[in-house]
Structures are given as C-alpha cells and as structure tokens.
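# Residue-level structural notes
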Amino acid sequence: MVRYLLRTMAFILPILGIIVMVECGLRAIPNNYSYTHERLLNHGDSIRILVLGNSHAFNGVDPLGFGVPAYNAANMSQDHRRDLAILEHYLAELPALSTIVLPLSYYSIGAVIEEGPEPWRVKNYAIYMDMPEQASSLEHRFEVLNARKSVSLRMLMDHLLYGSDNIRCRVNGGAPGRPKPGLDFVAHGKETAARHTFGPSGHYRINHAYLDRIIQLAAARGIQVHFFFPPCHKAYLDVMDPVQLALARKTGRELARTFQNVSYHDLSEDQRFIEIDFGNSDHLQASGTAKLTRILAEDLAGMSKD
C-alpha cells in the first residue's frame, strides 16, 4: 500500500506542479481588471468622475473628454452587482470622487454575469480585483478552470516569449468600439435584442437593489450619480420587448425623482447619433464615443450650475 501511494504521489505531484505553474503564469499576464485595480488603488486620489457599467460604457465613454480627472472602470458584461462591488471596494481610495456615471439600459436591468454568455468573467473580479467574495463557484477562483487549455497555453506562451498582455483599455480605462464594415445592422439588432431580452427570468429586483445601494453609498459622500440610457441603433431599438424597454426607462426616471443625488438622461432615441457612430447595433465606435462623452460632460456641467 505504501509503495502504491508513493507511486501515485510521484505521478500526481509533477502534474499538480505544472498546473500551479500555469495558473501562476496566467495570473501574471496583465489585463483590464488588474490594470483597473492598480489604477484605482494607487492613483485614485485625484479621480473626480468614475464611470461604471458594461460594454456600453466601456466602448461609449472616453474619460479624457470630461475635462477633469476621470477613470472608466466599466468592462464587458459587467453587471450592476459588480458595479456596486467596485464602488464598495475602492471608494476609500477615491477621496476626490464627486460623480459616478453609469449606463442603465434595456440589458443591464435584467442581467447577471453568471447567466450571460461570458460567465467566466466573474473570475476576473475575484482574482484580479481582490474580490474573492464575488466568486460564486470554484471555477471563479482559478484561471485554469475557465479558458480552453489550448487558449490558456497560447496566451501564456505569447506572454513569456513576446511580452504580450491582455490589456485592451486605454490609460484612463475604456476604449471606443471598432467599426465593422459591411455589418447587417438589421440582423445584428434582432440577434442582440433577442439575447438581451429576459422576460420573467430577468433579475430586475436584485439589480434595482444594487442601484439603490450605489446611490446610498454615493449620497453618504455627497457624490452625484448620473444614469444614462445609451444610444441605440434603430435596428436594435425597434425589436426590443416594449415591456422591458418601458421598465428600463421607468427605472431611470424613478431613481432620479426619488433621490436628490441622482440624474438621468435617456439617449436611446437621440437623433444626434447616426449610423456611422455605431460599431454595431448597440455599441458606439470612435465618433459615437466622442459624441456621447461630450453630451455626458454637458449634462454634468449643467448639473453643477443648478
């Protein structure tokens, strides 16, 4: 029996050693989440505007366009639970923070990352933003339990051989979407609206609770929260479920009426955004990003004069 155990250990330990080295190697590759963690933790003292949210904010808001120190901490598929987690985790590092900008959209009111197309993104908050409590399963605690092994090994080799990383955001976070020449907006709008429509299974109440908590934390510090419904291509807007769309708009309006530190701007049908501003039916590209940021900056400037 002892000999058998020794042989088993001799077989297993090298494999475990390789797994540990791969896990450590993957964690050493810089990415948007580790970059944002470092920026907020070590350079947050001057930030006055914090952008949160999903890809509608990541692609749609350029923090350099506000004219004051700002950072875009939005990310792909980021839900309101993680918006709140980021605020709770880093608020003490943001003494100058005066405004939070956050998209409140058709998709965001019902979404949770775990049930979306990219549940693996949860591990990025647990591992790279020092939020282990955000992990809701074992997979969210280890890199090697997420990406396909071939993808992981290729990422690791590219990092070791060429110094490549997974940082896709700009210096102050976020990045404009890229145009997709020849995209069929009608087909893309239908596909996107179908994916973003939740019906009775949407997590509307819990997301509303997360938004309430964000507002309350902000109010305690005298911080303004500005929600916006992001611009939508007509091909996307026209095929949305009218009940869910009305709920999204109602949520923003009611939060603005209920809380003194909240404002809301519905830009879903804003005619200033034309087709060339969109990378696809629900994301902006560079010209749209510049336009949206300018509008948001005007909103914030107007509020400061009131």
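The structure under discussion appears in the preceding block.
Rules of the game
Residues numbered from 1 in each chain as written. Predicted model: local features only at pLDDT ≥ 70, side-chain atom pairs only at ≥ 80, totals over all residues. Heavy atoms only, no water. Core = buried A, V, L, I, M, F, W, Y, C linked by side-chain atoms within 4.5 Å. Buried < 20%, exposed > 50% of the residue type's maximum accessible area, 1.4 Å probe, protein only. Helix = DSSP H or I, 4+ residues; strand = E, 2+ residues; numbered from the N terminus. Contact = heavy atoms within 4.5 Å. Phe/Tyr/Trp six-rings, centres within 6.5 Å; stacked < 30°, edge-to-face > 60°. Lys NZ or Arg CZ within 6 Å of the ring centre and 35° of its normal.

Turning our eyes to something else, we now look at the nonpolar core. Ranked by size, the top nonpolar core spans 71 residues in total, and within it Leu40, Phe66, Leu97, Ile100 and Phe227 carry the most contacts. Tallying contributions element by element places helix 8 (residues 204-220) first for this core, with 6 residues. Once you skip the residues sitting within four places of it in the chain, Phe227 turns out to touch Leu102, Leu104, Leu211, Ile215, Leu255, Val262, Ser263, Tyr264 and His265. Leu26, Ile29, Val144 and Leu156 belong to the second largest nonpolar core, which has 5 residues in total.

Take the environment of Asp299 next. As for its position among the elements, Asp299 is in helix 11 (residues 286-305). For Asp299, a relative accessible area of 17% corresponds to the buried category. In this structure the C-alpha to C-alpha distance between Asp299 and Tyr90, which are 209 residues apart in sequence, comes to 25 Å. Among residues more than four places away in sequence, those in contact with Asp299 are His226 and His265.

We now examine the packing of aromatic side chains. By the definition in use, this model includes 3 aromatic pairs. On the numbers, 6.4 Å between centres and 90° between planes, the contact of Tyr106 with Tyr236 is edge-to-face. Of this pair, Tyr106 sits in the loop between strand 3 (99-103) and helix 5 (122-128) while Tyr236 sits in helix 9 (residues 234-237); the two residues are 130 residues apart in sequence, bridging distant segments of the chain. A single burial state applies to Tyr106 and to Tyr236, both of which are buried. The positively charged end of Arg249 is found above the aromatic ring belonging to Phe229, 5.9 Å away from the centroid. Note that Lys291 overlies the ring of Phe273, its terminal NZ or CZ placed 5.8 Å from the centroid.

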